[in-house]
Amino acid sequence: MTSMATLRTPGQKLLPIPASEQFIEELDSGVRECGYASRAQFIRDAIRDKLVAMGRPMPRELALAPSRLGKGGKRRLPLPRAPKGKAKAKAKAKPGKAKARK
């Protein structure tokens, strides 16, 4: 079986980069703190932000993952999320609220 991570849309390229374990730990911390669903989207946004800061305007849509229509997903803007620590704290503060809906 092929995983979603190995599927590529025509025109999509992979940018593998070597990084130290400490760098990746810091990256993952930033990804969680900002509420991103994935490293990939965090990195695409960071690259876009850097290019825009350098005076190279780029539409936000170019920083989105290529469409995976027909491959099990769709292209969409990332949703703002609360940092995981705050979401967990809210869930713990309201026990019994996670009942199944009928």
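Student: Hey, could you run me through the environment of Gly30 in this one?
Tutor: Structurally, Gly30 is set in helix 1 (residues 21-34). Look at Gly30 and you get buried, because its relative accessible area is 16%. Spatially, the C-alpha atoms of Gly30 and Phe42 are 8.5 Å apart, while their sequence positions differ by twelve residues.

Student: Would you mind showing me how to read the pattern of salt bridges here?
Tutor: Note on pairing: side chains with opposite charge can pair once their charged atoms come close. By the definition in use, this model includes two salt bridges. Close ionic contact of Asp28 with Arg39 constitutes a salt bridge, the shortest N to O distance being 2.6 Å. Of this pair, Asp28 sits in helix 1 while Arg39 sits in helix 2 (residues 39-53), and the two are eleven residues apart along the sequence. Here Arg39 falls in the partly exposed class, since its relative accessible area comes to 40%. In this structure, the salt-bridge partner of Arg48 is Asp49, at a minimum N-O distance of 3.6 Å. A residue is classified by how much of its surface remains accessible, and Arg48, at 18% relative accessible area, is buried.

Student: How should I be thinking about the packing of aromatic side chains in this particular structure?
Tutor: Per the stated rule, a full pass over the model turns up one aromatic pair. Seen in terms of ring centroids, Tyr36 and Phe42 are 5.2 Å apart; in terms of plane orientation they differ by 85 degrees. Their pairing is edge-to-face. Tyr36 sits in the partly exposed class, given a relative accessible area of 22%.

Student: Explain the packing of helix 1 against helix 2 to me, please; I cannot follow it from the model alone.
Tutor: When two helices pack together, their arrangement is captured by the angle between the axes and the distance separating the axes. Where helix 1 meets helix 2, the closest approach of the two axes is 10 Å, and the angle between their N-to-C directions is 90 degrees. As summarised for this structure, helix 1 and helix 2 are arranged roughly perpendicular, according to the angle between their axes. Contacts from Ile24, Leu27, Asp28, Gly30, Val31 and Cys34 in helix 1 reach Arg39, Phe42 and Ile43 in helix 2.

Student: Sorry if this is basic, but what is going on with helix 2 here?
Tutor: Along an α-helix, residues three or four apart share an orientation, since each turn contains 3.6 residues. Between its first and last C-alpha atoms helix 2 spans 21 Å; for 15 residues at 1.5 Å apiece the expected length is 21 Å, and the two agree. Among all positions of helix 2, only Gln41, Phe42, Asp45 and Arg48 are buried. When helix 2 is viewed along its axis, its buried side chains cluster within an angular range of 130 degrees and face the same direction. Those residues of helix 2 hidden inside the fold are in contact with helix 1. At the C-terminal side of helix 2, Gly55 shows a positive phi close to 90 degrees.

Definitions and limits used
Residues numbered from 1 in each chain as written. Predicted model: local features only at pLDDT ≥ 70, side-chain atom pairs only at ≥ 80, totals over all residues. Heavy atoms only, no water. Helix = DSSP H or I, 4+ residues; strand = E, 2+ residues; numbered from the N terminus. Buried < 20%, exposed > 50% of the residue type's maximum accessible area, 1.4 Å probe, protein only. Salt bridge = Lys/Arg side-chain N within 4 Å of Asp/Glu carboxyl O. Phe/Tyr/Trp six-rings, centres within 6.5 Å; stacked < 30°, edge-to-face > 60°. Axes fitted to C-alpha atoms, helices over the stretch in contact; angles between N-to-C directions. Parallel < 35°, antiparallel > 145°, perpendicular 65-115°, else oblique. Contact = heavy atoms within 4.5 Å. Expected span 1.5 Å × (residues − 1). Arc of directions from axis to C-beta.

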